[in-house]
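# Remarks on the overall topology
One letter stands for each residue in the lines below.
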Amino acid sequence: MSSGELPTAGPAVGLSLLASELLTIFRRWRTWAMLAALALIPILIGIAIRVAGGASPGRGPAFLDQIAGNGLFVSLTALVVATPLFLPLTISVVAGDAIAGDASHGTLRYLLIAPAGRMRLLVVKYLVAAAFCLAGALTLVVVGTLVGWVLFPIGPVTLLSGGQVSVGEGLLRVLAIGAFVAVSMLGLSAIGLFASTLTVVPVGAMAATAILAVATQIAGAIPQLEWLHPWLFTDRWFDFDAFLRSPPTWGPFIDNALVQAAYLAVFGGAAAWRFATSDILS
């Protein structure tokens, strides 16, 4: 190979590996089962409100009392319901299985055959987990919007600041909130990836990641630990209300992205160190 071919060889191999890993994960029945479980959340919410009637103001999850008047709020309520537990649980499964799954099946050594390399594989595994974060949030938004469209009237969206926006702008804001939720899960994905490099038992990495997500939210709810809250990767998970005000502000989105980037740097670096120095026996 000539020196002129080297710059393009790396990216080509990386893209090929990424495409292969994406196909692998989205061909698994487990992946589609988890996405189906997430899709079930807005379906159940929509059917419950349609059958039982609208919720009383202030009762239940945020936006629940708005659904009967405007179906666009089904997806927002689904995001609120899924963000604390269900979405982190599915992401813990994907991220925790990233490295440990291949190690347990004895395929990890084959993936590391040149020119793939350890760091390139680790980056690809994280990008696949990030893709699932987006797929999970998008599932909630799309299914919630369709359910709301079928079961309830659709109209201009009343914002938290009191004004109204058109249906089209409302949909764009819902998509922006979905993107906010997807970004919120990137730090957890890095933690799960790191846990996955520590063991050859995927269930252990999945459980550890899921438990940490719950424990961190519990810590965030304790007033005595208020000094710790800004450092928690879950602290800004529900700051997407900025997209429901006029004009919308991107400050909370940027702040959340910076927190997730910090966790990615720390736990991604730890995962890289662990993966680079460990013996691959399977």
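As a reminder, the structure under discussion sits directly above these lines.
All values derive from a computational prediction rather than experimental measurement.

Attention now goes to the environment of Gly155. Assignment of secondary structure puts Gly155 in the loop between helix 7 (118–151) and strand 1 (157–158). Since its relative accessible area comes to 13%, Gly155 is described here as buried. Through-space distance from the C-alpha of Gly155 to that of Gly69 is 8.4 Å; in sequence the pair is 86 residues apart. Setting aside residues no more than four positions away along its own chain, Gly155 makes contact with Asn70, Leu72 and Val167.

Glancing now at the packing of helix 2 (residues 29–52) against helix 4 (residues 86–97). Contact geometry for helix 2 and helix 4: axes closest at 10 Å, N-to-C directions at 170 degrees. One element, helix 2, and the other, helix 4, form an angle in the roughly antiparallel class. Every residue of helix 4 that contacts helix 2 at Arg30, Met34, Leu38 and Ile41 is listed here: Phe86, Leu87, Thr90, Val93, Val94 and Asp97.

This part covers the pattern of salt bridges. Oppositely charged side chains can form a pair if their charged atoms are brought close together. Evaluated as defined, the whole model comprises 7 salt bridges. With its nearest N and O atoms 3.2 Å apart, the salt bridge here joins Arg28 to Asp97. Of this pair, Arg28 sits in the loop between helix 1 (6–26) and helix 2 while Asp97 is found in helix 4, placing the two residues 69 residues apart along the sequence. Overall, the relative accessible area of 30% leaves Arg28 in the partly exposed class. Residue classification places Asp97 among the buried positions, given a relative accessible area of 8%. One salt bridge connects Asp235 with Arg236, and the closest N-O pair in it is separated by 3.8 Å. Of the residues examined, Asp235 reaches a relative accessible area of 32% and is grouped as partly exposed. What emerges from the salt-bridge pattern is a single network uniting Glu21, Asp102 and Lys125.

Moving on: the side chain of Thr83. Inspection of the secondary structure assignment puts Thr83 in the loop between helix 3 (73–82) and helix 4. Of note is the side chain of Thr83, whose polar atom sits 2.6 Å from the backbone oxygen of Leu79.

Basis of the calculations
- Residues numbered from 1 in each chain as written.
- Predicted model: local features only at pLDDT ≥ 70, side-chain atom pairs only at ≥ 80, totals over all residues.
- Heavy atoms only, no water.
- Helix = DSSP H or I, 4+ residues; strand = E, 2+ residues; numbered from the N terminus.
- Buried < 20%, exposed > 50% of the residue type's maximum accessible area, 1.4 Å probe, protein only.
- Contact = heavy atoms within 4.5 Å.
- Axes fitted to C-alpha atoms, helices over the stretch in contact; angles between N-to-C directions.
- Parallel < 35°, antiparallel > 145°, perpendicular 65-115°, else oblique.
- Salt bridge = Lys/Arg side-chain N within 4 Å of Asp/Glu carboxyl O.
- Polar contact = N/O pair within 3.5 Å; in protein donor to acceptor, adjacent residues only side chain to side chain.

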